[in-house]
Amino acid sequence: MSSSRIIRFLLCLLLAFGTALGVSGCYNSGVQNYKSVAPGANLDLAGLELRSISVVAAAKEQPGRLLGMIFNPTSEDIRLVIRDRDNRMDLIVPANGQIGFDTSEHILQSTENPPGARTDLTLQAKGKSEVMDVPVLDGTLSQYAPYVPK
């Protein structure tokens, strides 16, 4: 066998191995991300499960709408406070219930960072507090256009 055929064979073998390795990493049945509905940030806080949280705004310093879901798998209502630098929202997440921001409109009066960046939201529930770094989206993608505040 000539050296060029050996090299071609080894390159083909390496390419096949790399492809098989890459494809096999696409499915991970052990990941428990079953409640994520869109690209956004996830957080578990005081019994609440916040999934795919993001902000949709037309531009920096413009109103921004929260998107994502909050699940409460506990047997008690939980009060959740969501804050950014100049806004505060008080929500009651019902026991064994959920809040979907796609159907329940919650608007921040201004969004600190422009679409394409990330912004911090401070969340408080049952005496616990966490900062959540969430993406800021705009209406460029058609699925988010209806949620951009007018």
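Since we're looking at a predicted model, the values are computed, not measured. (Residues numbered from 1 in each chain as written. Predicted model: local features only at pLDDT ≥ 70, side-chain atom pairs only at ≥ 80, totals over all residues. Heavy atoms only, no water.)

1. Observations regarding the overall build of the chain
Helix and strand counts for the chain stand at one helix and nine strands. Counting helices and strands in the order they occur from the N terminus, the chain gives α-β-β-β-β-β-β-β-β-β. Sorting the 150 residues of the chain into buried and exposed places 36% on the buried side. Accessible surface for the chain amounts to roughly 9,000 Å². Of this, 55% is attributable to carbon and sulfur atoms. (Helix = DSSP H or I, 4+ residues; strand = E, 2+ residues; numbered from the N terminus. Buried < 20%, exposed > 50% of the residue type's maximum accessible area, 1.4 Å probe, protein only. Areas by Shrake-Rupley, 256 points an atom, 1.4 Å probe, with all protein chains shown as cover.)

2. Digging into a nonpolar patch on the surface
Where nonpolar side chains cluster on the molecular surface, the patch consists of I6, F9 and L10 and spans about 290 Å² of accessible area. With respect to the helices, strands and loops of the structure, L10 is situated in helix α1 (residues 3–24). (Patch = residues over 30% accessible without salt bridge, like charges linked within 9 Å, V, L, I, M, F, W, Y side chains within 5 Å. Salt bridge = Lys/Arg side-chain N within 4 Å of Asp/Glu carboxyl O.)

3. Digging into unusual backbone geometry
The phi dihedral of N96 falls on the positive side, at around 50°, and the residue is not glycine. Here N96 lies in the loop between β5 (88–93) and β6 (97–100). Even without being glycine, K126 reaches a positive phi, approximately 50°. By the element assignment, K126 lies in the loop between β8 (118–125) and β9 (128–137).

4. Examining the nonpolar core
Where a protein is soluble and globular, its nonpolar side chains tend to be buried together. Counting residues in each nonpolar core, the largest one holds 24 residues, and the members touching the most others are L50, L80 and I82. If you list the elements that add at least two residues to this core, you get β1 (41–45), β2 (48–57), β3 (64–72), β4 (78–83), β5, β8 and β9. A per-element tally of this core places β2 first, with four residues. The contact partners of I82, leaving out residues within four places of it in the chain, are L66, N87, R88, M89, L91, F101, L121, T122 and L123. (Core = buried A, V, L, I, M, F, W, Y, C linked by side-chain atoms within 4.5 Å. Contact = heavy atoms within 4.5 Å.)

5. Focus on the pattern of salt bridges
Scanning all chains against the criterion turns up seven salt bridges. Between R51 and D44 there is a salt bridge, with the nearest N and O atoms lying 2.8 Å from each other. Here K126 and E76 are joined by a salt bridge, their closest N and O atoms 3.1 Å apart. In this pair, K126 sits in the loop between β8 and β9 while E76 sits in the loop between β3 and β4, placing the two residues 50 residues apart along the sequence. Ionic contacts of the salt-bridge type, sharing partners, join the residues R79, R88 and D90 into one network.

6. So, the side chain of S110
The residue S110 is located in the loop between β7 (107–108) and β8 in this model. What makes S110 buried here is its relative accessible area of 9%. Here D86 takes part through its side chain, which lies 2.6 Å from a polar atom of the side chain of S110. Apart from the residues within four sequence positions on either side, S110 is in contact with E61, Q62, P63, D84, R85, D86 and N87. (Polar contact = N/O pair within 3.5 Å; in protein donor to acceptor, adjacent residues only side chain to side chain.)

7. Thoughts on the confidence of the model for the chain
When pLDDT is averaged across the chain, the result is 83; 81% of the residues are at 70 or more. Within the chain, no element has a lower average pLDDT than α1, which sits at 68, and none a higher one than β4, at 95. (pLDDT = per-residue confidence, 0-100.)

8. Describing the side chain of N87
Turning to its location among the elements, N87 is positioned in the loop between β4 and β5. The contact partners of N87, leaving out residues within four places of it in the chain, are I82, L108, Q109 and S110.

9. What to know about the pairing of β1
Burial of the side chains of β1 is restricted to one face: A41, L43 and L45 are buried, whereas none of N42 and D44 on the reverse face is. With four bridges connecting them, β1 and β2 associate as antiparallel partners. Within the sheet, the bridge partner assigned to A41 lies in β2 and is I53. Hairpin connection of β1 to β2: two residues between the antiparallel strands, including A46 at a positive phi of 50°. (Pairing = 2+ DSSP bridges.)

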